[in-house]
Amino acid sequence: MTAALGAAELEIHEIAVAYGDAQALWGISLTVARGEIVALVGPNGAGKTTTLRAVSGVAHILAGSIELDGEELVGRESHEIVERGVVHVPEGRQLWPGMSVDETLQLGAYPRRARDRREATLGEIYALFPRLKERRGQAADTLSGGEQQMCAIARGLMARPRLLMLDEPSLGLSPILLADVFATVKRIAAEGVTVLIVEQNVEQALAVADRGYVLETGSVVLSGTGTELLADDAVRKTYLGMA
């Protein structure tokens, strides 16, 4: 599925984010170039999901800037950010109970920038996810875990994103389904969509990522290509259980 206006470039510079009195991000900076897959990895509570929430406009940003193709996003409403091509697929799938697969996907094309292409995009989505086409009349929340995750990703793609942000897409999936999810991420990027992914499965995430950032306690502690990070002794010991 090709992005409506081409892949986007994301620049995050020194953002600080807080939840009430608790600061979650301490001056994080990162870039996601057009057409890249970039992975955010690190322990629970490191600030990975908060980073995605900041880009989406649903976290309280204390300082810093977030630019999409040079346009500042900080201070914009979430719906304005979506209209600019940023789509966030949250952790946990969050599919509406009782709504069919087809209805769920149609809902994903709600942004104005996607409505005129809704039927064409739906055809592209069903070509990318043939299993969903087979299940199009079934309630989305009754699908298998892997199919639900695919449905959540497909719903995000219906908005014709330029930047797709995925939060823990492999959560709770079997190894076989996990491989399917990451293969899908690679296909999405190949179709012209920039991808920023948060993932606990560090090995799989870095294996598909062009580049990655390691976050700890709200700060970036390491960055490099996926290959470089997989070969890094600290990453191998801390996250892959290798001596």
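Quick caveat: nothing in here was measured; it's all calculated off a predicted structure.

Draft legend 1. Expanded view of the sheet that holds strand β2 (residues 22-32). As summarised here, the arrangement of the 4 strands in space is β2-β1-β4-β5, forming an open sheet in which the pairing is antiparallel. The open sheet has two free edges, formed respectively by β2 and β5 (71-72), since each of these has just one partner strand. Where strand β4 (residues 60-68) and β5 come together, 2 bridges link them in antiparallel fashion. Along β5, the bridge assignment pairs glutamate 67 with glutamate 72.

Draft legend 2. Seen up close, the packing of aromatic side chains. Counted according to the given criterion, the structure contains 0 aromatic pairs. Sitting over the ring of tyrosine 110, arginine 115 keeps its end group 4.7 Å from the ring centre.

Draft legend 3. How the structure looks around unusual backbone geometry. One non-glycine residue, aspartate 69, lies in the positive phi region at around 50 degrees. Of note in the backbone geometry, threonine 217 takes a positive phi value of approximately 45 degrees without being a glycine. Looking at where threonine 217 falls in the secondary structure, it is placed in the loop between β9 (211-216) and β10 (219-225).

Draft legend 4. Seen up close, the pattern of salt bridges. Using the criterion set out here, one finds 13 salt bridges in the structure. Between arginine 76 and glutamate 71 there is a salt bridge, and its shortest N-O distance comes to 3.1 Å. The partly exposed category is assigned to arginine 76, whose relative accessible area is 27%. With relative accessibility at 29%, the residue glutamate 71 sits in the partly exposed group. With a closest N to O distance of 3.0 Å, aspartate 102 and arginine 136 form a salt bridge. Of this pair, aspartate 102 sits in helix α3 (residues 101-108) while arginine 136 sits in the loop between α6 (130-134) and α7 (145-157), and the two are 34 residues apart along the sequence. On the basis of relative accessibility, which here comes to 35%, the residue arginine 136 falls in the partly exposed class. Linked through salt bridges whose partners overlap, the residues forming this network are Glu9, Arg34, Asp69 and Arg162.

Scoring rules and cut-offs
Residues numbered from 1 in each chain as written. Predicted model: local features only at pLDDT ≥ 70, side-chain atom pairs only at ≥ 80, totals over all residues. Heavy atoms only, no water. Pairing = 2+ DSSP bridges. Helix = DSSP H or I, 4+ residues; strand = E, 2+ residues; numbered from the N terminus. Phe/Tyr/Trp six-rings, centres within 6.5 Å; stacked < 30°, edge-to-face > 60°. Lys NZ or Arg CZ within 6 Å of the ring centre and 35° of its normal. Salt bridge = Lys/Arg side-chain N within 4 Å of Asp/Glu carboxyl O. Buried < 20%, exposed > 50% of the residue type's maximum accessible area, 1.4 Å probe, protein only.

Spatial relationships are all this shows, so hold off on functional conclusions.
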